[in-house]
Amino acid sequence: EPEVTQTPSHQVTQMGQEVILRCVPISNHLYFYWYRQILGQKVEFLVSFYNNEISEKSEIFDDQFSVERPDGSNFTLKIRSTKLEDSAMYFCASSEGSRGPSYEQYFGPGTRLTVT
Amino acid sequence: GQNIDQPTEMTATEGAIVQINCTYQTSGFNGLFWYQQHAGEAPTFLSYNVLDGLEEKGRFSSFLSRSKGYSYLLLKELQMKDSASYLCACGNTPLVFGKGTRLSVIA
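Rules behind the numbers
- Residues numbered from 1 in each chain as written.
- Chains lettered and ligands numbered in written order.
- Predicted model: local features only at pLDDT ≥ 70, side-chain atom pairs only at ≥ 80, totals over all residues.
- Heavy atoms only, no water.
- Helix = DSSP H or I, 4+ residues; strand = E, 2+ residues; numbered from the N terminus.
- Rg over C-alpha atoms; globule rule 2.2 N^0.38 Å.
- Buried < 20%, exposed > 50% of the residue type's maximum accessible area, 1.4 Å probe, protein only.
- Contact = heavy atoms within 4.5 Å.
- Areas by Shrake-Rupley, 256 points an atom, 1.4 Å probe, with all protein chains shown as cover.
- Lys, Arg positive; Asp, Glu negative; His and termini not counted.
- Charge placed at Lys NZ, Arg CZ, Asp CG, Glu CD.
- Salt bridge = Lys/Arg side-chain N within 4 Å of Asp/Glu carboxyl O.
- Pairing = 2+ DSSP bridges.
- Axes fitted to C-alpha atoms, helices over the stretch in contact; angles between N-to-C directions.

A tally of regular secondary structure across chain A gives 0 helices and 11 strands. Expected size for 116 residues packed as a compact globule is a radius of gyration near 13 Å; at 13 Å, chain A falls within 12% of this value. For chain A, buried positions account for 43% of its 116 residues. Long-range pairs, those at least 24 residues apart, make up 55% of the contacts in chain A between residues at least 6 apart in sequence. For chain A, the computed accessible surface area is about 6000 Å², with 45% contributed by carbon and sulfur atoms. Taken together, the 10 basic and 15 acidic charged side chains of chain A have centroids lying 3 Å from each other.

And the structure:
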């Protein structure tokens, strides 16, 4: 069964450093997303990406964040100048889109980011 | 604004039936999703309701009443592996999640 993959599974970085989280969405999917989940809290939407551009973004997704689809398979989230409060699990998701962008999003296993 | 409410925790016995409720208030509505999330893992899709009524899928069923802003997830014949958080989400663009209901299944 096709699945979304994410690398790395864990990332530890120092405050102020830049990190890049990588995702490979399911190959025939058209919509890509990043979510984050701070430990013990709810899943929060960051950004959606369709047709090689951002389609929606939340208030969390400020100038510190950027996304890119550098080739036909990878989808990346870059966090510049990380802060302690960026420590969270970051999930990538993708959906086919034939029944609307939100329908049946498949989530990757997540990258646990720890900022020290 | 958007608001999704669901109980924080529930406990049920193996083999029993449990109903997890969700109420929502949203400015737009494109369906109601339920996701299951085991501790430390990613959410996995369980069900989707866009019209009123009950959708059945094996041991899991989901109900929606759009006029009441209400949904529930019904889990039958509970198994220990069903111990997880169950996330109610409004299918707007973007998807908005509730805080989740942590279900503990006990013997």
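It is worth spelling out the pattern of salt bridges at this point. All names here are of chain B. What the rule picks out here adds up to 4 salt bridges over all chains. Between Asp-52 and Arg-66 there is a salt bridge, with the nearest N and O atoms lying 3.0 Å from each other. Here Asp-52, found in the loop between strand E5 (44-49) and strand E6 (53-57), pairs with Arg-66, found in the loop between strand E7 (60-65) and strand E8 (70-75); they are 14 residues apart in sequence, far enough to count as distant. Residue Asp-52 is classed as partly exposed on the basis of its relative accessible area, which comes to 42%. According to the relative accessible area criterion, Arg-66 is partly exposed, its value standing at 41%. A salt bridge links Arg-59 to Asp-82; its shortest N-O distance comes to 2.8 Å.

Residues and elements named next belong to chain B. Pairing is antiparallel across the open sheet formed by 5 strands, whose spatial order is E1-E3-E8-E7-E6. In the strand order of this sheet, the two ends are held by strand E1 (3-5) and E6, each with one partner. Looking at each pair of strands side by side, their axes are set apart by 15° on average, direction ignored. Bridge analysis of E6 against E7 gives 5 bridges, and the strand direction is antiparallel. Directly across from Lys-57, in E7, lies its bridge partner Phe-60.

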